[in-house]
Amino acid sequence: AVFGINLIQALPAVRQRKSESWVMYVDLWADFFEYDAPPSIINKIIVWLVRKAEFYTMRRADRLIMITEAMRQLVPSDIAPKVTIIPDGADTQHFCPVADDLELRNKYHLGRGPVFSYQGGIARHEGLDLICHAAPYVLAKLPDAKFLIVGRGRFLEHCRSIIRDNGSEHAFVFTGWVDYSEMP
């Protein structure tokens, strides 16, 4: 078995593959790099090179597991048939409904209405744009609702433009990246 944080770390093992049966656990690094990297020509080149290495590694694999169909759509069509979707989960001890948290409401100016929250990287494959498009429909039924968005990424500006265009911007609170221990 090969365990790595990303496909770049797994690349040497893939190139030296001697066994017919092995398991590799890695993550897509190029997309995570885009969350924090400021847009520049050098960073675009880095992401392009990393993606090339990731796709090379994926092509050498017999099977791949991804957590969403949207992630499968990020890989080239010759790789996609190797993908099995297994959704991930959440730590229900940490992320669980609590009695009304007045401190949290005050910290983020959430008011007294229902709060819908999202935590994670803000990339196209995460689906935050669907929440942004749905917000006017939610607000029509629950006018005091708020949308607490915790995270950052290159898709954030696109999501902000959706809520500006559909008039729901007043109901959104964007915190930026928050340390796991302080996650609302």
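Preceding this paragraph is the structure being described.
In this text, all values refer to a predicted model and were calculated from it rather than measured experimentally. (Residues numbered from 1 in each chain as written. Predicted model: local features only at pLDDT ≥ 70, side-chain atom pairs only at ≥ 80, totals over all residues. Heavy atoms only, no water.)

Caption draft 1: Looking closely at the overall build of the protein chain. Of regular secondary structure, the protein chain possesses seven helices and seven strands. Secondary structure elements of the protein chain, listed N to C terminal, follow the sequence β-α-β-α-α-β-α-β-α-β-α-β-α-β. Here the protein chain holds 184 residues, and 36% of them are scored as buried. Across the protein chain, contacts joining residues at least 24 apart in sequence account for 57% of those joining residues at least 6 apart. Here the protein chain displays about 11700 Å² of accessible surface, and carbon together with sulfur accounts for 58% of that area. (Helix = DSSP H or I, 4+ residues; strand = E, 2+ residues; numbered from the N terminus. Buried < 20%, exposed > 50% of the residue type's maximum accessible area, 1.4 Å probe, protein only. Contact = heavy atoms within 4.5 Å. Areas by Shrake-Rupley, 256 points an atom, 1.4 Å probe, with all protein chains shown as cover.)

Caption draft 2: A look at the side chain of Lys-146. Structurally, Lys-146 is set in strand β6 (residues 146–150). The charged side chain of Lys-146 is buried without a salt bridge, its nearest counter-charge being Asp-144 at 7.7 Å. For Lys-146, the contacting residues outside a window of four places in its chain are His-109, Leu-110, Pro-114, Val-115, Phe-116, His-170 and Ala-171. (Lys, Arg positive; Asp, Glu negative; His and termini not counted. Salt bridge = Lys/Arg side-chain N within 4 Å of Asp/Glu carboxyl O.)

Caption draft 3: Molecular detail of the pairing of strand β5 (residues 115–119). By the bridge criterion, five bridges tie β5 to β6 in an arrangement that is parallel. Opposite Phe-116, over in β6, you have Phe-147 as the bridge partner. (Pairing = 2+ DSSP bridges.)

Caption draft 4: Spatial organisation of the nonpolar core. The biggest cluster of nonpolar side chains holds 17 residues, and the ones touching the most others in it are Ile-122, Leu-128, Cys-132, Phe-147, Ile-149 and Phe-172. Looking at this core, the elements that each hand over two or more residues are α6 (128–141), β6, α7 (156–166) and β7 (172–176). Once residues lying within four places of it in the same chain are set aside, the contact partners of Cys-132 are Cys-159, Ile-162, Ile-163, Asn-166, Ser-168 and Phe-172. Formed by 10 residues, the second largest nonpolar core is a distinct cluster that contains Leu-64, Met-71, Val-75 and Ala-80. (Core = buried A, V, L, I, M, F, W, Y, C linked by side-chain atoms within 4.5 Å.)

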